[in-house]
Amino acid sequence: AACSSSPSAVPGSSVTPGPSASMPSNLPSAVSSPSPSPTASKGPPTAQFSITGTAGLTGPVTAQRITCNRPSLDGPEIDFIGQSGTTGPMIVIFAQAGHVEVRVGIGSAATLRLRTFVGTGVTSFNAATGVVLDTTLTETTDAATATGGLGALSSISGSIDCGNQLPGSANVVVSGLSPYGQLNGALTSVAVTCTVTASGTFVGIAGLGMAGTTPVLVFVTASTGLLQVAVETKTAGSFYTIKGAAVTTLVPGGATMSGDVNESVPSGSTPSPNLLHVTGTATCGTTIQQ
């Protein structure tokens, strides 16, 4: 989660299918390589990347998951999860118009190691169809982040073709108190993804909202008997969850939801007064089999 959460968020604050504080795992098999330009195709998303760096971080990147047309606080983006070679660290890319963030990570929870790099060599960017990258990278890893023996990236080049991937649709209203202000409105610029795993189906919604006067990025995840929400600013994030048979209903290709979610706090801490109400429906644009 820390490696794959939104680049505007504190690492680890986003909701993932099946709550976890680990690096992405058990992802779909690698996708094939497209032509050098991000011309839309009729097939699934494809990608081809090569990285240059130290400690084995030089060579091709094996693609595992691509999410196009995803909202962020800095505009629509394309997200990529892959792996250096076939056995190396995870490589996560957030591509936006004129900017790319690349994360390298290994481990999970307390053993998570992470380094972050940025560049500006982004061309042919269209969040719905694809992007071409060819850029040097500069490290922006926070001084407090554990990096372990991870190598450093110096450049990345390649492309993503979004293929026939669609954003889906949702009419989801999030209201209530967060640490950043009061929320009371429907999420906008939404992207909806269904993830089917051995433990169940997760319907993930990403959208934009307002907490008082503060723009926020909101993630809602619905599964059988489970509703989760993450609210993120550019510098912080808060997480909410509830379990119960009545809060969600999975339907073919989506979900309906209605419930109150309480802000999560560390064990032994005073319960938070922050509580959000979530109601609405979502239809998946993309379904991922794991």
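Note that this is a predicted model, so its numbers are computed, not measured.

K.L.:
Kindly report on the overall build of the chain, identifying the contributing residues and their values.
P.N.:
Along the backbone of the chain there are 0 helices and 21 strands. When burial is assessed residue by residue, the chain has 49% of its 290 residues classed as buried. The contacts in the chain between residues at least 6 apart in sequence include a share of 54% that link residues at least 24 apart. As displayed, the chain has an accessible area near 12,000 Å², and 56% of this comes from carbon and sulfur atoms.

K.L.:
For the side chain of Thr67, give the residues involved together with the corresponding values.
P.N.:
Looking at where Thr67 falls in the secondary structure, it is placed in strand β2 (residues 59–70). Among all residues touching Thr67, those that are not within four sequence positions of it are Glu77, Ile78, Asp79 and Gln165.

K.L.:
Go over the environment of Gly149, please, and point to the residues and values.
P.N.:
Take Gly149: it is sitting in the loop between β9 (138–139) and β10 (153–161). Taking the C-alpha atoms as reference points, Gly149 and Ile106, separated by 43 residues in sequence, lie 9.7 Å from one another.

K.L.:
Outline the sheet that holds strand β1 (residues 46–53), supporting the account with residue identities and numerical values.
P.N.:
Read across the open sheet, the 10 strands follow the order β7-β8-β10-β1-β2-β3-β4-β5-β6-β9; overall the sheet is antiparallel. Edge positions in the sheet fall to β7 (122–126) and β9, since each has one partner strand and no second. The pairing of β7 with strand β8 (residues 130–136) spans 3 bridges and is classified as antiparallel. By the bridge assignment, Thr123 is partnered in β8 with Val132.

K.L.:
Can you explain the pairing of β10? Please cite residues and give values.
P.N.:
Relative to β10, β1 runs antiparallel, the two sharing 8 bridges. From the neighbouring strand, Ala47 faces β10, where its bridge partner is Ile160. In this structure, β8 lies alongside β10, joined through 7 bridges in antiparallel fashion. Bridging from a neighbouring strand, Val132 pairs with Ser159 of β10.

Calculation criteria
Residues numbered from 1 in each chain as written. Predicted model: local features only at pLDDT ≥ 70, side-chain atom pairs only at ≥ 80, totals over all residues. Heavy atoms only, no water. Helix = DSSP H or I, 4+ residues; strand = E, 2+ residues; numbered from the N terminus. Buried < 20%, exposed > 50% of the residue type's maximum accessible area, 1.4 Å probe, protein only. Contact = heavy atoms within 4.5 Å. Areas by Shrake-Rupley, 256 points an atom, 1.4 Å probe, with all protein chains shown as cover. Pairing = 2+ DSSP bridges.

Geometric values such as these leave the question of function open.
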